[in-house]
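Listed below are the residues making up each chain.
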Amino acid sequence: MIIAIDGPAGAGKGTVARGIALHYNLAHLETGLLYRALASKVLENNVDLDDIDKIAALASTISLDDLKNKHLRSEEIGNLASKVAALPEVRQALLDFQHKFANTPQPGFNGVVLDGRDIGTLVCPQADIKFYITAELEVRAQRRLKELQERGIKSIHTAIIQNMMDRDLRDKSRQQAPLQVAKDAYVIDSSHLSPDDVLKQSITVIERHLKK
Ligand code: DC
């Protein structure tokens, strides 16, 4: 079973992906972490954003181990991830990684769930079930603010909103693999739903599919 989940930052796709993975014993790949891990290496190695060859070379070195870095979830890394993610050379290098993950049986699991921006449209167009999880900008910003506060990071509401708007625009308007709703995706607006409700709705959709 392959489940694809896409959506903008803060919509709750990671949370629902983790819930689905647990419920159905699926291996989970949070693909945003691949772009974040690359952004972190770009920062670490002081690579200029114009040095596309160097960035693409770094992208081809990303491994599952790199995704364990605890510092990947900062706003700074998220913004840089969105910038490097617009480079076609980077997307190609990371596409291979994602294809391998999705198409190789993961020992001990019943299938895979991948979440990101282009999973249903490009990485796994053959996915059994596709979800597009979205939410209003203000709700997504409040969630991000709360998450950062819980991690002890002081943040300013207007800065978070601006970051999200910039990132949404960049992720939706880039030439390659822009964030969009796959034609056959099941859309959930999580603005007024609890994480549990989103998970329940998703499981209902999956169960309906499995009965077919
Ligand atoms: O899901 P996230 O916020 O951790 O992702 C960080 C950035 O990575 C996001 O702004 C765009 C990029 N990304 C992408 O281009 N394609 C994906 N499948 C996942 C993330």
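For every chain, the first residue of the written sequence is number 1, and numbering continues from 1 onward in sequence order. Local features in this predicted model are restricted to residues of pLDDT 70 or higher, and side-chain atom pairs are both shown and tallied only at a pLDDT of 80 or more, whereas totals for entire chains, interfaces and linings draw on every residue. Heavy atoms from the whole structure form the basis of all side-chain values; hydrogens and water molecules are not counted.

### Overview of the packing of helix H3 (residues 52-59) against helix H5 (residues 88-103)
Rules: Angular values range over 0 to 180 degrees, each being the angle between N-to-C directions of two axes fitted as lines to C-alpha atoms, with helices fitted over their stretch in contact. Here a helix means four or more residues in a row that DSSP labels H or I, a strand means two or more in a row labelled E, and each is numbered from the N terminus. Convention used here: angles under 35 degrees read as roughly parallel, angles over 145 as roughly antiparallel, angles from 65 to 115 as roughly perpendicular, and any remaining angle as oblique. Each crossing gets its handedness from the near helix: less than a right angle anticlockwise from the far helix is left-handed, clockwise is right-handed. In what follows, residue pairs with any heavy atoms lying within 4.5 Å of each other are defined as contacts. Polar here means any residue other than Ala, Val, Leu, Ile, Met, Phe, Trp, Tyr, Cys and Pro, which are nonpolar, and Asp, Glu, Lys and Arg, which are charged; Gly is therefore polar.
Across the interface, H3 lies against H5 with an axial gap of 9 Å and an inter-helix angle of 10°. When the axes of H3 and H5 are compared, the pair comes out roughly parallel. When you trace H3 past H5, the crossing you get is right-handed. Contact residues: H3 offers Ile52, Ile55, Ala56 and Ala59, while H5 offers Glu89, Val90, Ala93 and Leu94. Here the residues of the contact of H3 with H5 are counted per class, giving seven nonpolar, no polar and one charged.

### Considerations on the packing of aromatic side chains
How we decide: Stacked, edge-to-face and tilted are the three classes for Phe, Tyr and Trp ring pairs, Trp counted by its six-membered ring, which pair at centre distances within 6.5 Å; planes under 30 degrees apart are stacked, over 60 edge-to-face, the rest tilted.
Scanning all chains against the criterion turns up one aromatic pair. When the centroid spacing of 6.1 Å and the interplanar angle of 80° are considered together, the rings of Phe131 and Tyr186 count as edge-to-face. Taken as a pair, Phe131 in strand S4 (residues 129-134) and Tyr186 in strand S5 (residues 186-189) lie far apart in primary sequence, 55 residues in all.

### Overview of the nonpolar core
This is how it is decided: Buried residues of nine kinds, namely Ala, Val, Leu, Ile, Met, Phe, Trp, Tyr and Cys, make up a nonpolar core once their side-chain atoms join them within 4.5 Å. Buried residues are those whose accessible area, probed at 1.4 Å on protein chains only, stays under 20% of the maximum for their type, while exposed residues exceed 50% and partly exposed ones sit between those limits.
One finds Leu34, Leu38, Val42, Ile55, Leu114 and Cys124 to be the most contacted residues of the largest nonpolar core, which totals 37 residues. Each residue touching Ile55, except ones within four places of it in the same chain, is listed here: Leu38, Val42, Val47, Asp48, Leu49, Val84, Leu87 and Val90. Residues Val16, Leu26, Val113 and Phe131 belong to the second largest nonpolar core, which totals 19 residues.

### A look at H3
Our working rule: Think of it as the arc spanned by the lines of direction from the helix axis to the C-beta atoms.
Residues of H3 that are buried include every one of Ile55, Ala56, Leu58 and Ala59, and no others. All buried residues of H3 lie within an arc of 160° about the axis, which places them on one face of the element. Elements in contact with the buried residues of H3: helix H2 (32-44), helix H4 (75-84) and H5.

Everything listed here is a matter of coordinates, which is why it stays silent on function.
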